Amino acid sequence: MGLLSEGSPLSWPETKKLADHVRKHGITQFINLYNLLKDRQGDVLKWGDEIEYMLVKFNHETQKAQLSLRGQDLLPVLQITEKETPEKATSLWRPEFASYMIEGTPGKPYGGLLAHFNIVEANMKNRRQEVSALLEKDEQIFSITAFPRLGCEGFCVPEAKPDPVNSASRSLFFPDDAIYLAHPRFRTLTRNIRERRGEKVAINVPIFKDVNTPSPFTEDLTILGDDGEMGRSALPDHIYMDAMGFGMGQCCLQLTFQACNIKEARRLYDQLTPMCPIMLALTAASPLQRGYIADTDCRWNIISSSVDCRTREERGLDPLKTDRFRIYKSRYDSIDSYLSTEGERYNDIPLVIDEEAYKKMRDAGIDHLLAQHIAHLFIRDPVSLFSEKVNQNDEEDSDHFENLQSTNWQTMRFKPPPPKSTIGWRVEFRPCEAQITDFENAAYVCFIVLLTRVIITYGLNFLIPISKVDENMQRAQKRDAVLNQKFWFRKDLVSQNSSTGAVSTADEEQICVEMTIGEIINGKGEEFQGLLPLISSYLSTVEVDADTHCTIHQYLRLIQKRANGDLMTTAHWIREFVTKHPDYKGDSVVSEKINYDLLTKMDNIQNGSTECPSLLDHPRTKTQSSIPENIRMAENCPSTC
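Parameters and conventions
Residues numbered from 1 in each chain as written. Predicted model: local features only at pLDDT ≥ 70, side-chain atom pairs only at ≥ 80, totals over all residues. Heavy atoms only, no water. Helix = DSSP H or I, 4+ residues; strand = E, 2+ residues; numbered from the N terminus. Rg over C-alpha atoms; globule rule 2.2 N^0.38 Å. Buried < 20%, exposed > 50% of the residue type's maximum accessible area, 1.4 Å probe, protein only. Contact = heavy atoms within 4.5 Å. Areas by Shrake-Rupley, 256 points an atom, 1.4 Å probe, with all protein chains shown as cover. Lys, Arg positive; Asp, Glu negative; His and termini not counted. Charge placed at Lys NZ, Arg CZ, Asp CG, Glu CD. Axes fitted to C-alpha atoms, helices over the stretch in contact; angles between N-to-C directions. Parallel < 35°, antiparallel > 145°, perpendicular 65-115°, else oblique. Left-handed = near helix turned anticlockwise from the far one by under 90°. Nonpolar A, V, L, I, M, F, W, Y, C, P; charged D, E, K, R; others polar. Disulfide = S-S within 2.5 Å. Core = buried A, V, L, I, M, F, W, Y, C linked by side-chain atoms within 4.5 Å. Salt bridge = Lys/Arg side-chain N within 4 Å of Asp/Glu carboxyl O.

Enquirer: Describe in detail the overall build of the protein chain, supporting the description with residues and values.
Expert: Within the protein chain, the secondary structure is distributed over 24 helices and 17 strands. Against the compact-globule benchmark of 26 Å for 641 residues, the protein chain has a radius of gyration of 24 Å, which places it among compact chains. Relative to its 641 residues, the protein chain shows a buried fraction of 60%. A separation threshold of at least 6 residues defines the contact pool for the protein chain, and within that pool the share at least 24 residues apart is 78%. Only carbon and sulfur atoms are counted for the fraction: they give 49% of the accessible area of the protein chain, which is about 24500 Å². Each charge class in the protein chain can be summarised by its mean position, and for the 74 positive and 91 negative side chains these summaries are 1 Å apart.

Enquirer: Can you break down the packing of helix 10 (residues 275-282) against helix 15 (residues 438-458) residue by residue, with the values?
Expert: Contact geometry for helix 10 and helix 15: axes closest at 12 Å, N-to-C directions at 160°. As far as their axial angle goes, helix 15 and helix 10 are roughly antiparallel. Viewed along their axes, helix 10 and helix 15 form a crossing whose handedness is right-handed. Along the contact surface, helix 10 presents Met275, Met279 and Leu282, while helix 15 presents Tyr444, Phe447, Ile448 and Leu451. When grouped by side-chain class, the residues that make up the contact of helix 10 with helix 15 number seven nonpolar, no polar and no charged.

Enquirer: For the state of the cysteines, give the residues involved together with the corresponding values.
Expert: One pass over the structure, following the stated rule, counts zero disulfides. Between Cys152, a cysteine without a disulfide, and Cys156, which holds the nearest cysteine sulfur, the sulfur-to-sulfur distance is 11 Å. The exposure class assigned to Cys156 is buried, which follows from its relative accessible area of 1%.

Enquirer: I'd like to hear about the nonpolar core, residue by residue, with values.
Expert: The biggest cluster of nonpolar side chains holds 193 residues, and the ones touching the most others in it are Phe429, Phe447 and Leu531. In terms of residues, this core owes the most to one element, helix 15, which gives 13 residues.

Enquirer: Let's hear about the packing of helix 2 (residues 19-37) against helix 12 (residues 355-363): which residues, and what values?
Expert: One can describe the packing of helix 2 onto helix 12 by two numbers: an axis separation of 10 Å at closest approach and a directional angle of 25°. By the angle between their directions, the pair helix 2 and helix 12 is classed as roughly parallel. Judged by the sense of rotation from one axis to the other, the crossing of helix 2 with helix 12 is right-handed. Contacts between helix 2 and helix 12 pair Lys24, Ile27, Thr28, Phe30 and Ile31 from the former with Ala357, Lys360 and Met361 from the latter. Along the lines of polarity and charge, the residues of the contact of helix 2 with helix 12 split into five nonpolar, one polar and two charged.

Enquirer: Can you lay out the pattern of salt bridges for me, pointing to particular residues and giving the numbers?
Expert: Using the criterion set out here, one finds 51 salt bridges in the structure. Residue Glu592 pairs with Lys64 through a salt bridge whose shortest N-O separation is 3.9 Å. Note that Glu592 is positioned in helix 23 (residues 592-606) and Lys64 in strand 2 (residues 64-68), a separation of 528 residues in sequence. A relative accessible area of 24% means that Glu592 is categorised as partly exposed. Residue Glu433 pairs with Arg299 through a salt bridge whose shortest N-O separation is 3.2 Å. Of the two residues, Glu433 sits in the loop between strand 15 (426-429) and helix 15 while Arg299 sits in the loop between strand 11 (292-293) and helix 11 (300-306), which places them 134 residues apart along the sequence. Accessibility classification places Glu433 together with Arg299 in one group, the buried group. Salt bridges sharing common partners tie together Asp20, Arg23, Arg196, Glu314 and Asp381.

Have a look at this one:
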């Protein structure tokens, strides 16, 4: 979720008065960090995943499944090992937006050994076991993206009622009790985003129109206390949601890589950007929203709308009078510019920047591309600020920089080293949706990490115009995008840029073409080699122990079959389960019984008691919790591996 400063949260009017102060000192802090660490070299490849989990309580007598608001009870217990004997911690735990969520990561980052790929899944299993050991009877941990009936009456336990008059979000559906309240950041963000926007956030997701779905589909929510705002904000034939919790209360899978230096980090940031919509489509897992079937498969636009704090002026609905900029995207969205010199010519969309911040960075010696990236992030206001953090030492602190950096939630994040840290320049890959099983989550993690190695080893070039990436992001969220959509992708991954000028329409036709996900991943004959064949070629040139080879092979087979449609995406499987359920009435409604049966089925799949060959194809990896001693010694790997 980003920076978790402790202290006394300021109101939005208090925060707004200090916005210029935060921006000014944040830029100074970044300049100081950059000058201190720009020449840092020799950091080794390290990487790790983050998975957000949900807690679900089953009532088997009433056949009801509800979100369990016990995250804040479990977290202190889960963190004991990290605090008392950190060297023994195999997992690290952090709070997330909702009180039914927790975030887990490996206790230590993975490194350069290929054998590390064989311990990812085992670590994920261990995380699940750590939490499971603390759960009450009939309580389960899930790594699913969206709870199907989030926001419906009685969706959580203890049951809590929304308060559309006095709550932080003013939501008709999402109560404050479902926000993680043990840290003030989350409720403060919810309140300040709404107050900065000048109205509630408005999320509209197209509803799946089945044979008995009303047409047009509309809802009368006056009984819930709607004062007319829904009527102004809700669109016909859409599922309407009105709170940050509908986006930030969904779960995802993220990866962070440490590069050897700033140049490599900037290159990885750029090269992975065109992969964001591809992986979003492949991991699609959230077709059910607020008790209805959506006509989309992914959460991205939902979460983007859920934290959209732009005012009417910034959204272009009113002329600019009091605000500084017309801003074209939410602060949670796809990136707007590449960072490497190779990527500069593909920056083809308007980039709004804070000119004063840009000039200050350029005067301090920061290059144009990095300066405009940071200056673009700094067009935003801080939306969470603590009184104890207002005055900082810009030579030693970075909280003002991180305040704005961490609340620009984009598909990729470029991360400078923290002050006084052994951590290097990093890149965060953020689009993936969470999957039902540890096997699937591990497969997607290892696929992306292997792809970074192929990019670096072979010097590949994935760059396409940013505008095409944006097009792909919208296509990726459509129903069954893997089967039915085509995506812009670079035709020749080996050739480098022969020109430094801006990309013309004629250039675009030479650089990228539309391909299916199956063609991008598996290849298209002699026209396009495919990403999996490139990874296989790379693996044939390096030594891999038999167990790791077996595990990687199964991961890549999952990716291959999901891409070509032999295996369903999670979203397709969920949609099919609901529409084929005997209680489903063809009206796009996910009832309590359907919700209960779906989550029961998911639980059986994740614990291995039920196989699901249409989703998983009988996975049996050889994952293990540590690297075998003989491999570790042969590779001269430290015992902490």
